[in-house]
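Descriptive analysis of the structure
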Amino acid sequence: MTGILYGVGVGPGDPELVTVKAARLIGEADVVAYHSARHGRSNARACAAPYLREGQTEIRLMYPVTTETTDHPGGYRGALDDFYTEAAEELAEHLAAGRNVALLAEGDPMFYSSYMHMHKRLRDRFECVVVPGVTSVSAAAAATGVPLVEADEVLTVLPGTLPEPELRRRLADTDAAAIMKLGRTFPAVRGALREAEREGAAWYVERASRADERVLAVGDVSAEDVPYFATVLVPGRINAPAGPEVAGGEVVVVGLGPGDEAWTTPEVRHELSEATDVVGYQTYTDRVRPRPGQRVHASDNRVEAERARHALELAAGGARVAVVSSGDPGVFAMASAVAEVAADPAFHAIRVRVLPGMTAANAVASRVGAPLGHDYAVLSLSDYLKPWEVIEDRLRAIAAADLALAVYNPASKTRREQLVRMRDVLLEVRAPETVVIVGRAVGSPEESLTVTTLGGLDPEQVDMRCLLIVGSSRTEVTQRSGGRIVHTPRRY
């Protein structure tokens, strides 16, 4: 009969946070094992000390390296892999002899713990039982006294060892965050917090739940004094302290992307979460999930100038305003309207920023391959803001230049004839076999794609939710066993 390996979570540091089950199994085990650095001390053993009994065998699994360099041929990772393999074999000898082994893990055994390396190496040979423990994140949140997440807020747990740009991106893309593995990484972590505009709400907790616990605002921490066992917490926005308001207010024009929520950038999500007010066409404001206290100002699609003025007036009163568009705000969307109204001397003091988004043209193109892989033009077929004569002149120029063409606003309930006229104008120069892609509601559950030709284009199948791509004379459709692909070669 072989022994059982127990992965026992002993919590974050306070022996009283060891669970009843963990305490019982520690006391019953034949062998108690724990990891330690070269100095030989083990925080996990210190947590378990009150529950040990005389006569138990103790095994100290000492890391060959922690933060120092190594001459191992496989480098740091190779040295640790060899260590874990050797340590697993040492435990396997006791398990094979029928002895139960309690392997102690700080916090929880399956949460950034060394136990999991033993578990993966031994689970196919012996019975392994995991006993969960209180994590350092939970203990740190308790120490701050500030709720970490509430309602449907999202918590992201990040290792401080990530590159600073990646930390910044993920901080901008979440409601709340816990950042672990600090020590030498703290300056980069603080830099990422500052760039993501989250530093003012962040807490630093050192050695949570222990007698020497420290809780500070991140801005009050000296980087030279930060140990590895420290955590930074950024509470969700429901409970985080309000950040400083931008002097004189601010308008940020953002692009939500074409439809799929995954296509909204982290930068845009961050600005939406920080805004006091969200302004936009109702179809687009409906895509924004407002946080408590955030005001949403929805309006009709044909009042762009009025919407822009309203946003700037709100900012003049001190608000931080996000003006939302689908796709990219600079492509037939709100950036131009805001910039035009912001040119009014009355709004010269208001800061205006524009954040890019994925365009509908890029989204449709990506679904079929690379029809916009060479030079191309972008044109709106709407004659609501420009005369048809201008549109027709541009269509002829694009056709003569043999450019691929992305067509926005191709049709609506009241505007059907323009698409027929566009087709006829292009056919004056282009062959009827010219490739045409009709992408409808791309990125939404109603998405559909049609690959046809200029001669075969049916205007009755096109509405305002469509974007058209008309290929150049060199655009090709290739039927493949791996799926149809459309591309415009980059070489002539």
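Throughout, a residue's number is its position along its own chain's written sequence, starting from 1. In view of the model being predicted, local features appear only for residues whose pLDDT reaches at least 70, and side-chain atom pairs are presented and counted only at 80 or more, with totals across whole chains, interfaces and linings using the full set of residues. Only hydrogens and water are set aside; all other atoms, that is, all heavy atoms of the structure, feed into the side-chain values.

- The name given to the protein chain in an unreviewed UniProt entry is Precorrin-2 C(20)-methyltransferase, and the organism recorded there is Tsukamurella conjunctivitidis.
- UniProt positions are given in the numbering used here, feature names are shortened, and annotations may be inferred rather than shown by experiment. The heading Sequence similarities (unreviewed entry) in the UniProt record of the protein chain holds the text "Belongs to the precorrin methyltransferase family."

1. What about the overall build of the protein chain?
- A run of H or I in DSSP counts as a helix once it spans at least four residues, and a run of E counts as a strand once it spans at least two, with each numbered from the N terminus. Along its length, the protein chain carries 14 helices and 23 strands.
- Just to be clear, the radius of gyration here is over C-alpha atoms, and the globule rule we use is 2.2 Å times residues to the power 0.38. Over its C-alpha trace the protein chain gives a radius of gyration of 30 Å, far above what one expects of a compact globule, namely 23 Å for 492 residues.
- Along the first, second and third principal axes, the C-alpha atoms of the protein chain reach 95 × 60 × 40 Å.
- Think of it in three bands: residues with accessible area under 20% of the maximum for their type are buried, residues over 50% are exposed, and the middle band is partly exposed, with areas taken using a 1.4 Å probe on protein chains only. Within the protein chain, buried positions represent 48% of all 492 residues.
- Note on definitions: a residue-residue contact is assigned when non-hydrogen atoms from the two residues lie within 4.5 Å. Summarising the internal contacts of the protein chain: among those between residues at least 6 apart in sequence, 70% fall at separations of at least 24.
- By the counting rule applied here, Lys and Arg register as positive and Asp and Glu as negative, while His and the ends of each chain are not counted. For charged residues, the charge sits on one atom: NZ in Lys, CZ in Arg, CG in Asp, CD in Glu. In the protein chain, the 53 positive side-chain charges and the 66 negative ones have mean positions that sit 2 Å from each other.

2. As for the domain arrangement of the protein chain
- Domain ranges listed in this record stem from an automatic or a database domain assignment. The domain architecture assigned to the protein chain consists of domain 1 (5-133), domain 2 (137-234), domain 3 (250-355) and domain 4 (361-487).
- Domain 1 and domain 4 are separated by 63 Å when their C-alpha centres are compared.

3. Things to note about the sheet that holds strand 6 (residues 155-159)
- Strand pairing is assigned whenever DSSP identifies at least 2 bridges connecting the two strands. Read from one edge to the other, the open sheet built from five strands follows the order 6-7-10-8-9, with strand pairing classed as mixed. Strands with a single pairing partner mark the edges of an open sheet, and in this sheet they are strand 6 and strand 9 (214-217). Strand-to-strand twist in this sheet, taken as the mean axis angle between neighbours without regard to direction, amounts to 20°.
- Every axis corresponds to a line fitted to the C-alpha atoms, with the helix fit spanning only the stretch in contact, and the corresponding angles, defined between N-to-C directions, vary from 0 to 180 degrees. In the packing of helix 6 (residues 164-172) onto the sheet, the strands contacted are strand 6, strand 7 (176-180) and strand 10 (230-234), and the crossing angle to strand 6 comes to about 170°.

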